[in-house]
Amino acid sequence: MHRITLIPGDGIGPEVAAAVVRVIEASGVQIEWEEHIAGQEALDKFGKTLPDELIESIQRNKVALKGPITTPVGKGFTSVNVGLRKALDLYANLRPVRALPNVPCRNPGLDLVVVRENTESLYSGIEHEVVPGVVESLKIITEKASTRISRFAFSYARNQQRKQITAIHKANIMKMSDGLFLKCFEEVGKLYPEIEMRQMIVDNASMQLVMRPEQFDILLCENLYGDIVSDLCAGLIGGLGLVPGANIGERGAVFEAVHGSAPDIAGKGIANPTALLQSAILMLNHIEERKAAEKIETALLKVFTEGKVRTRDIGGTATTDEFAAAVIEQMA
């Protein structure tokens, strides 16, 4: 029996989370879910967006599954996602991007992975007003964090039998910060001689991803570049509603849908649960429930291959529950 923290989120979060929980239970995995709230709902109830009980639950269970949570733009509270990563030191963001069968997209057959450093760069959130009308944001890059994420990327590549890592940077301009990131990447890479090392300036990488994405295997990015590049990659295979996400640290991991909370369709029962379901597959592999992960993944791919049950975002009419039921039926 596994004990896992569940954060349904808001907007469409509770709907897709409930669907994914049903699919996981149908796979036969025994899980005791500890459900917690975060974001605006938690702020209203507890006075903070990340309640102590939530953090303690993840620290104790080591694993969490999280639906989307709304982040106010330009005002209000800071990102719950960023807060979780900082509070739990979830330093590695993992975003596998694989085209699904029978889904119209720019790049059928694409299969790459974005590994993103999760704790620093401009996302350190260190900002202040120098004088009225002038705001300074500090970009922090450290040898410790850059080495740690490089080790994660190379270890992942070796374990998954991937052959190449491309470090994404802007060291031609930010010679010290991005230069340090590159130096750490190159030093760690010496310990993995079987893996090809490449480096590419972030603007060129963005163009190359649009023109010839098949040249990439794993992309290693500092925080801001990784946030942007990973969404670009998701767009190549149909959007954020189809890709998984994981935030992994030495003492825990949070698996999440990386798309938004879509308040405009919340409560209508029409959201696509694929992204969170794919994240749950990553989670099951992480807790070594590999047979269940493979069972769900095979069923999900069959549903897409047949193309009979589709949610509205990919050209169908199926509800969230109908899509989940179709996956469960394929597992029978």
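Predicted model only: the values in this text are computed from it and were never measured.

Requested: an account of the overall build of the protein chain, with residues and values cited.
Summing up its helical and strand segments, the protein chain has 11 helices and 12 strands in all. Here the protein chain has a C-alpha radius of gyration of 20 Å; the compact-globule value for 332 residues is 20 Å, and the two agree. Here the C-alpha coordinates of the protein chain stretch approximately 55 × 45 × 40 Å along the principal axes. Sorting the 332 residues of the protein chain into buried and exposed places 53% on the buried side. Across the protein chain, every contact between residues at least 6 apart in sequence was considered, and the portion connecting residues at least 24 apart equals 74%. Summed over all atoms, the accessible surface of the protein chain reaches about 15,100 Å², with 52% contributed by carbon and sulfur. Looking at charge distribution, the protein chain has the averaged site of its 36 positive side-chain charges lying 4 Å from that of its 42 negative ones.

If you had to explain the nonpolar core to someone new, which residues and values would you point to?
Ranked by size, the top nonpolar core spans 89 residues in total, and within it I24 and L65 carry the most contacts. Once you skip the residues sitting within four places of it in the chain, L65 turns out to touch I4, T5, L6, I7, V20, I24, W33, F255, L276, A280 and M283. With 13 residues, the next largest nonpolar core counts A38, L50, L54 and I55 among its residues.

Can you break down unusual backbone geometry residue by residue, with the values?
A positive phi angle is found at Q161, which is not glycine, with a value near 55°. Locating Q161 in the fold gives a position in the loop between α5 (143-159) and β8 (164-169). The exposure class assigned to Q161 is exposed, which follows from its relative accessible area of 65%.

If you had to explain the side chain of T5 to someone new, which residues and values would you point to?
Tracing the chain through its elements places T5 in strand β1 (residues 2-7). A relative accessible area of 0% places T5 in the buried class. When sequence neighbours within four positions are dropped, the list of residues in contact with T5 reads E34, H36, L54, S57, I58, N61, V63, A64 and L65.

Account for the packing of helix α1 (residues 13-26) against helix α9 (residues 274-286), naming residues and giving values.
As a packed pair, α1 and α9 sit with axes 9 Å apart at the nearest point and diverge in direction by 45°. With respect to α9, the axis of α1 lies oblique. Along this stretch, α1 crosses α9, giving a crossing that reads as right-handed. Together, V16, A17, V20, V23 and I24 of α1 and L276, L277, A280 and M283 of α9 make up the contact between the two elements. Class assignment of the residues belonging to the contact of α1 with α9 gives a composition of 9 nonpolar, no polar and no charged.

Run through the pattern of salt bridges, naming residues and quoting values.
Overall, the coordinates contain 19 salt bridges when judged by the stated rule. Its salt-bridge partner being D111, residue R162 comes within 2.8 Å of it at the nearest N-O pair. One end of the pair, R162, is in the loop between α5 and β8; the other, D111, is in strand β5 (residues 111-117), and 51 residues separate them in sequence. Looking at R162, the relative accessible area reads 16%, which means it is buried. In this structure, the salt-bridge partner of K139 is E222, at a minimum N-O distance of 3.7 Å. Placement of the pair is K139 in the loop between β7 (134-137) and α5 and E222 in the loop between β10 (218-221) and α8 (223-236), with a sequence separation of 83 residues.

Describe the environment of G83, and please don't skip the residues or the numbers.
Mapping G83 onto the fold places it in helix α4 (residues 80-88). When the C-alpha atoms of G83 and I201 are compared, they prove to be 29 Å apart, with 118 residues separating the residues in sequence.

Please give an account of a nonpolar patch on the surface that cites residues and values.
A cluster of nonpolar side chains, contributed by V130, V131 and V134, occupies part of the molecular surface with about 230 Å² of accessible area. Within the secondary structure, V131 is located in strand β6 (residues 127-131). Residue V131 is classed as partly exposed on the basis of its relative accessible area of 44%.

Give me the packing of α5 against helix α6 (residues 177-189): which residues, what numbers.
Interhelical geometry of α5 versus α6 gives an angle of 45° and a closest axis separation of 8 Å. Classed by the angle they form, the pair α5 and α6 counts as oblique. Classified by chirality, the crossing of α6 by α5 is right-handed. Together, E143, S146, T147, I149, S150, R151 and F154 of α5 and L180, F181, C184, F185, V188 and G189 of α6 make up the contact between the two elements. Looking at side-chain class alone, the contact of α5 with α6 contains 7 nonpolar, 4 polar and 2 charged residues.

I'd like to hear about the sheet that holds strand β11 (residues 244-248), residue by residue, with values.
Spatially, β2-β1-β3-β12-β11-β4-β5-β10-β8-β9 is the arrangement adopted by the 10 strands of the open sheet, whose pairing is mixed. This sheet does not close on itself; its edge strands, each paired only once, are β2 (31-35) and β9 (196-201). Neighbouring strand axes in the sheet, compared pairwise and without regard to direction, differ in orientation by 25° on average. Contacting β1, β3 (63-66), β4 (92-98), β5, β11 and β12 (253-257), α4 runs over the sheet at an angle of about 170° to β12.

What counts as what
Residues numbered from 1 in each chain as written. Predicted model: local features only at pLDDT ≥ 70, side-chain atom pairs only at ≥ 80, totals over all residues. Heavy atoms only, no water. Helix = DSSP H or I, 4+ residues; strand = E, 2+ residues; numbered from the N terminus. Rg over C-alpha atoms; globule rule 2.2 N^0.38 Å. Buried < 20%, exposed > 50% of the residue type's maximum accessible area, 1.4 Å probe, protein only. Contact = heavy atoms within 4.5 Å. Areas by Shrake-Rupley, 256 points an atom, 1.4 Å probe, with all protein chains shown as cover. Lys, Arg positive; Asp, Glu negative; His and termini not counted. Charge placed at Lys NZ, Arg CZ, Asp CG, Glu CD. Core = buried A, V, L, I, M, F, W, Y, C linked by side-chain atoms within 4.5 Å. Axes fitted to C-alpha atoms, helices over the stretch in contact; angles between N-to-C directions. Parallel < 35°, antiparallel > 145°, perpendicular 65-115°, else oblique. Left-handed = near helix turned anticlockwise from the far one by under 90°. Nonpolar A, V, L, I, M, F, W, Y, C, P; charged D, E, K, R; others polar. Salt bridge = Lys/Arg side-chain N within 4 Å of Asp/Glu carboxyl O. Patch = residues over 30% accessible without salt bridge, like charges linked within 9 Å, V, L, I, M, F, W, Y side chains within 5 Å. Pairing = 2+ DSSP bridges.

Keep in mind these numbers describe shape, not what the thing actually does.
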